[in-house]
Amino acid sequence: MNTPPQPRRPVSMRQLAAECGLSVATVSRALRSGAKASAETRQRVQEAAERLGYAFNPYVGQMMSGLRRGKREVVLGNLAFLWWDDAPALDASHTGATRRHALARAAELGYSVSEFSLRRQTPAALVRVMGHRGIRGVLILSPMSAVGKSHLRVKLDDFACVSIGWSLYSPAFHRVRFDHFQATRLAIHHARRKFGERLAVLVDRRFDQRSDRSCRAAFLSHHPGGPAAAAKLVFDTAHLDARKLRRAYEEGRFTGLIALNEGQLPREFFQWFPREQMIYLDDPGSSASFGRVDLRHDLLGRWAVDQLVGTIQRQETGEPEVPLTIFVPPRWVPGPR
């Protein structure tokens, strides 16, 4: 049996400060908007952060401030992770990576975690069990295959709640999600030198309509040829004509193609399309390509836990009056040269 890979610890602010030759406090000020730091220091820190792969979460400061003030008795306790699907059990999956990093972050902050599958518990039994275990915060992973209209039929009025992804339509909890708009913009930015206006995208509205719309909007607004040209280069998996896609390529309308991952592509696709001209938005890195966007499944899990602990600390329960959405920043990973 293969041993699941251990979560790689993200670069810490202390490591970033050592790289810059600055104090942690100075680096923290340089990363926060509105904080006092010179333009030179901000640029120096931002360049080092990009070089090391450090991602700053502006929403975790309040939580850590409370921890440093000695309020540990307020925030330490039990959390529940509610998995809509059973996919987290697959350690090799993207969802499995999110789960591992969420569990690792919870442990770092001193929390125990109970995990539940929404497919295996009735709503009343689930709430009763969580109450008996003294659970105070609940992290909900939205359905993996949804169109943005999923409804949770569990009464969580007495718990702090945060959801992952867009698919959970109600209740409208605080959420942490990928930034598909910025991921698509990033893909276009790096691909335009090679492909110019001959860049197409394959979208899939069957998966998650909100994420799909973000991807489409970014493609239309950032395509080198402008919105009118870009609109003719959007192909939808839901009603894809593989022969039409191939004909468009052979006519020279596009030479580069942005897609979510290799599994989204039609069978026999690579018999006529070069793999090195693919740009992926959510591929683990095993597929040959021009490049890919790392959506940061590691940060998704960690930041979701950070937001949940902050919600507990603020003593917020149930559905918030104004839900907060935190976007995890993607990063570009070039293909082999």
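All values reported here derive from a predicted model rather than from experimental measurement.

Rules and cut-offs
- In this convention, every chain numbers its residues from 1, walking through the sequence in written order.
- Only residues with pLDDT of at least 70 are given local features in this predicted model, and only at 80 or more are side-chain atom pairs given and counted; all residues enter the totals for whole chains, interfaces and linings.
- Working from all heavy atoms in the structure, the side-chain values ignore hydrogens and water.
- Axis lines are fitted through C-alpha atoms, for helices just across the contact stretch, and the angle between N-to-C directions can take any value from 0 to 180 degrees.
- Each helix is a run of H or I in the DSSP string that is no shorter than four residues. Each strand is a run of E no shorter than two, and both are numbered from the N terminus.
- Each angle gets one of four labels, with under 35 degrees taken as roughly parallel, over 145 as roughly antiparallel, 65 to 115 as roughly perpendicular, and the rest as oblique.
- In this scheme, a crossing is called left-handed if the near helix is turned counterclockwise away from the far one by less than a right angle; it is called right-handed if the turn is clockwise.
- The criterion used for residue contact is that any of the two residues' heavy atoms lie within 4.5 Å.
- In the scheme used here, Gly and all other residues not listed as nonpolar or charged are polar, with Ala, Val, Leu, Ile, Met, Phe, Trp, Tyr, Cys and Pro taken as nonpolar and Asp, Glu, Lys and Arg as charged.
- Working definition of a nonpolar core: buried Ala, Val, Leu, Ile, Met, Phe, Trp, Tyr and Cys residues. They are joined through side-chain atoms within 4.5 Å.
- For every residue, the accessible area (1.4 Å probe, protein chains only) is compared with the maximum for its type, and the residue is labelled buried under 20%, exposed over 50%, or partly exposed between those bounds.
- The criterion for an aromatic pair is that two Phe, Tyr or Trp rings (for Trp, the six-membered ring) have centres within 6.5 Å, with stacked assigned to planes under 30 degrees apart, edge-to-face to planes over 60 apart and tilted to the rest.

Engineer: Honestly, the packing of helix 6 (residues 94-108) against helix 12 (residues 297-313) in this entry has me stumped. Any pointers?
Structural biologist: Helix-helix packing is described using two parameters, namely the angle between the two axes and the distance between the axes. In contact at an axis separation of 7 Å, helix 6 and helix 12 are set at 40° when each is read in the N-to-C sense. Relative to helix 12, the element helix 6 lies oblique. The way helix 6 lies across helix 12 gives a crossing that is right-handed. In contact with His-94, Ala-97, Thr-98, His-101, Ala-102, Arg-105, Ala-106 and Glu-108 of helix 6, helix 12 contributes His-297, Asp-298, Leu-300, Gly-301, Arg-302, Val-305 and Asp-306. For the contact of helix 6 with helix 12, a count of residues per class yields 5 nonpolar, 5 polar and 5 charged.

Engineer: When you look at the nonpolar core in this model, what are you seeing that I'm missing?
Structural biologist: Note that soluble globular proteins tend to have their nonpolar side chains buried in a common cluster. One finds Leu-139, Phe-254, Leu-257, Ile-258 and Ile-279 to be the most contacted residues of the largest nonpolar core, which totals 60 residues. The biggest single contributor to this core is helix 12, with 8 residues. Among all residues touching Phe-254, those that are not within four sequence positions of it are Arg-198, Leu-199, Ala-200, Leu-233, Phe-235, Leu-245, Ala-248, Tyr-249 and Phe-273. If you look at the next biggest cluster of nonpolar residues, it comprises 17 residues, including Leu-126, Ile-135, Ile-140 and Leu-156.

Engineer: Help me out: how do you make sense of the packing of aromatic side chains in this one?
Structural biologist: The relative placement of two aromatic rings is captured by the distance of their centres and the angle of their planes. For the coordinates displayed, the defined rule picks out 12 aromatic pairs. A ring pair is formed by Phe-81 and Trp-83, whose centres lie 5.7 Å apart and whose planes are at 85°; its orientation type is edge-to-face. With a relative accessible area of 0%, Phe-81 lands in the buried category. Here a set of aromatic residues connected by ring pairs shows up, and it is made of Phe-235, Tyr-249, Phe-254, Phe-269, Phe-270, Trp-272 and Phe-273.

Remember that the coordinates give geometry; whether it matters functionally is a separate question.
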